[in-house]
Structure formats: structure tokens, C-alpha cells
Amino acid sequence: MGADMHERSSDQHRAPFITRGVTLTGGVPSYGPIRWSGVAPDFVARVELAGLCRSDLREALGERAVRSDFGHELVLRVLSAPRESCLRSGDRVVYDPHIEIERTSGFAETFFARGSSEVLEKAFLRVPEAMPDEIALFCEPMACAVHATRALQRHYKASNGQGAARAVAFTAAGLASLLQAKILKADGVAVSLYNRTWPRIEALRRSSVVEAIDASLLARAVSDSFDTVVTSGAYSDSASLEVAFRIVRPGGLVLLFGGTHPGERTFGLLDTDGIRRSERLETVTISGKIVLVGGAYGATTADFVDAMDILHRSAVSLGLRNILDRRIRLSELPSHIRDVNAGLSLSYGKTIVETRPL
């Protein structure tokens, strides 16, 4: 950031509101100036650290149909906020992207947003100062994992009229699966983590991320073996569902966690998008097997609170630092996104984006 731009940032961000960062134009990521236009922002924060999420990569591919969340795994230091809100300059916060606000890209040196005081208080949650930035960065994905595991057990109990699921499988070994698996494992659930290809599992084992979790190739999963199977790949598509229906036991639960498209129906009859977004539970018969299908979508403020508690208490035992993959600068992010999406660069953990100016 140039001297004049930095001067504006430190002087309560007098107009024009400008920073540097990465935005998407027609799905193409580019690094350069980011200008806030129109009415002045209600909320301004310095971006301490950002995390690259699978949904960011999907958005760059033009595969997200509902909303834009580009740059949402953030640790922020508040510079200014509405006087009526409980947010104060100097507060260290994380961002809940499920709360609708007008905002700029989080892949930036400075973050601008507009919204009512009440909405901004919900969107930006204080995080304990003792929690390192690299761990606080997990608040949003951990909140989603907490929400999904709760939905899983809620659906299972409703469908079976009995206690918690004791044997759970995941159809992909991404970060969301890992976090859910670690939460379930801590609750005494037997967890099996599967993936279509071996390199990801091998990389996770080398970094000791899955040291206490059974992990193997999806093709090796035994039929009719699990109380619950989570479709945890990028999408809850027909390929994931076919495997899930095969390996779940009769009367068991298939949880839709991976993405769906608006109005999407699988096998011409299953309203996968509606089930996932409304988190409802339906009974289906596939190849003569009766299976329950339930949805998990997003996270709530309560999930964020619980996620922070888990991170505060168990970051070390969960091995979260082993999940950290690489650190890149903002200016390197566009080429990194292009390389990952083109299959030229493999990333099996959490990529951290350094946002502070040199």
C-alpha cells in the first residue's frame, strides 16, 4: 500500500475508501485497488489474516449459484463501527458470512461493510485475544462443522427413535470432513474418512492430521456398514449419493452437506437442494433399500460461539496446526487460485493468505 493510501487507512479511512486486494471479475481473480463507492461504509476493519476456502475456489470457477462469499474466512481488527453497536475500535473479530451485509472482498488489506448496528453485531463476533490468528481463522469452518454434526445427530435420532449415530462415514476428505470427523471422534463416534483418490489421504497421514481416524479409498468402503454417511465432497451429486446409498445400512441416514444447485433434483426424484437448504428429513427407497436423507446448511451464531469454545479448549489436541498448508501473499493469490483450479498445484490443507502490507 502506498504512503498516501496508508495515511488514509490510519485516519479513520476518510473518503475515498480504498485498499488493495483480490476481487473476482467474471470469475477471474485479480489483484489491485479495491474502492468502496456510494454511501460511506458503516464498518471498517484491518484484515489480520484470511483463509482460502473451497467455496472461494468454486466461486472462481463460476460454480456458486446462490451468493458471493469470496474471501470470508477472516480475522479482523475493527477500525470503526457504528456508535450504537457493541463493536469498538480495536476489537478482534471473525466474520459470519451467513449474515447478509454489503461488503468488499475479504482478500484485502482493509475490509469495508454496510449494515444496521444489529446486523453488524451478528456478522462480526469477538474472538479471544489469547487465540492465535491461525487458530481463529478456523472459526467459520468449525462453526459449519459444529452445525453439521448437530444436524447429523438430530436427523439420526428423529429417523431412528434412538440415541446418537455410532458409525459415521464421509465420502470425501476435505477440511469440512476433517473438522466434523474430529468433533464426532471426540464424542466417541467411530468415524471413517474416505476419498476418491489416494494422494489426499496420504498427505493427511504424513501431516498426522488423521492419525486417530480410519481413512481409506472410497472404492474400499463396505456396503451397508454405517449408521450415517455424509456426502462431504464439493457437491452432493449423483456420484456421491450412489456411494452413500450403497454403504449406509438399511434404515440409516445420508446427510447432504456438499453443495447443491437451486432446484436440483437427483435421480429425477430426490429434491436434494430443497432438503439440504431447509434441513428437512425425507425417506426414500433406492434399489429396494429404505434410507433417510437429511440436510445440513450453514451455521448459526450459537454454532460460532461453540466453535470458539472448541478452538480455545482443543486446538492442540485436534491437531489444527497440522492442517495449515502454506502461506501466500495477497499478490500471489490470483495465480494460486488459477493453478489449484487447473490442477497444476495441489493443496490438501488450509492455505493462509497474508494480508498485511509489506
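Above this text sits the structure in question.
Residues numbered from 1 in each chain as written. Predicted model: local features only at pLDDT ≥ 70, side-chain atom pairs only at ≥ 80, totals over all residues. Heavy atoms only, no water.

Enquirer: Is there a simple way to explain the nonpolar core in this structure?
Expert: Within soluble globular proteins, side chains that are nonpolar tend to cluster in buried spots. Counting 56 residues, the largest nonpolar core has Met142, Val168, Phe170, Leu193, Val210, Leu311 and Leu320 as the members making the most contacts within it. Listed by contribution, the elements that provide at least two residues to this core are helix 4 (133–136), helix 5 (139–160), strand 9 (167–170), helix 6 (175–186), strand 10 (190–195), helix 7 (198–206), strand 13 (248–256) and helix 10 (301–314). With sequence-adjacent residues up to four places away left out, leucine 311 is seen in contact with Met131, Ile135, Phe138, Cys139, Met142 and Leu320. The next biggest cluster of nonpolar side chains, apart from the first, holds 29 residues, and it includes Val22, Val78, Leu333 and Val340. (Core = buried A, V, L, I, M, F, W, Y, C linked by side-chain atoms within 4.5 Å. Buried < 20%, exposed > 50% of the residue type's maximum accessible area, 1.4 Å probe, protein only. Helix = DSSP H or I, 4+ residues; strand = E, 2+ residues; numbered from the N terminus. Contact = heavy atoms within 4.5 Å.)

Enquirer: Got a minute to help me understand the environment of tyrosine 95 in this structure?
Expert: Residue position: tyrosine 95 is located in strand 5 (residues 92–95). Here the alpha-carbon distance between tyrosine 95 and valine 316, two residues 221 residues apart in the chain, equals 23 Å. If we ignore the near neighbours within four places in the chain, the residues touching tyrosine 95 are His72, Leu74, Ile101, Arg103, Ala123, Phe124, Glu140 and Phe304. Within the structure, the side chain of tyrosine 95 is placed 3.0 Å from the side chain of arginine 103, a separation counted as a polar contact. (Polar contact = N/O pair within 3.5 Å; in protein donor to acceptor, adjacent residues only side chain to side chain.)

Enquirer: Quick question: what am I supposed to make of the pattern of salt bridges here?
Expert: Close approach of charged atoms allows side chains with opposite charge to pair. One pass over the structure, following the stated rule, counts 20 salt bridges. Put simply, aspartate 91 and arginine 126 hold a salt bridge, and the shortest N to O gap is 3.0 Å. Note that aspartate 91 is positioned in the loop between strand 4 (73–80) and strand 5 and arginine 126 in strand 8 (residues 124–126), a separation of 35 residues in sequence. Classification of arginine 126 by relative accessible area gives partly exposed; the value is 41%. A salt bridge links glutamate 282 to arginine 280; the shortest N-O distance between them is 2.8 Å. Given a relative accessible area of 25%, glutamate 282 falls into the partly exposed group. (Salt bridge = Lys/Arg side-chain N within 4 Å of Asp/Glu carboxyl O.)

Enquirer: Would you mind going over the packing of helix 5 against helix 6 with me for this structure?
Expert: Helix packing geometry: the angle between the two helix axes and the distance between the axes. Packing of helix 5 against helix 6 brings their axes to within 9 Å, and their N-to-C directions diverge by 60°. As the angle between them shows, helix 5 and helix 6 are arranged oblique. Helix 5 and helix 6 meet at a crossing whose hand is right-handed. Counting all contacts with helix 5, which are made through Pro141, Met142, Ala145, Val146, Ala148, Thr149, Leu152 and Gln153, the residues of helix 6 involved are Leu175, Leu179, Gln180, Ile183 and Leu184. For the contact of helix 5 with helix 6, a count of residues per class yields 10 nonpolar, three polar and no charged. (Axes fitted to C-alpha atoms, helices over the stretch in contact; angles between N-to-C directions. Parallel < 35°, antiparallel > 145°, perpendicular 65-115°, else oblique. Left-handed = near helix turned anticlockwise from the far one by under 90°. Nonpolar A, V, L, I, M, F, W, Y, C, P; charged D, E, K, R; others polar.)

Enquirer: Before we go on, may I ask you to explain the pairing of strand 15 (residues 289–295) in this structure?
Expert: Each regular strand carries side chains that alternate between the two faces of the sheet. Extensive coverage of strand 15 is indicated by the burial of six of its seven residues. In this structure, strand 13 lies alongside strand 15, joined through four bridges in parallel fashion. Looking at the pairing, leucine 256 lines up with glycine 295 of strand 15. Sheet topology places strand 14 (residues 281–286) next to strand 15; six bridges connect them, and they run antiparallel. Residue pairing across strands places threonine 285 opposite isoleucine 290, the latter belonging to strand 15. Counting the residues that bridge the hairpin from strand 14 to strand 15 gives two residues, and of these serine 287 lies at a positive phi of roughly 50°. (Pairing = 2+ DSSP bridges.)

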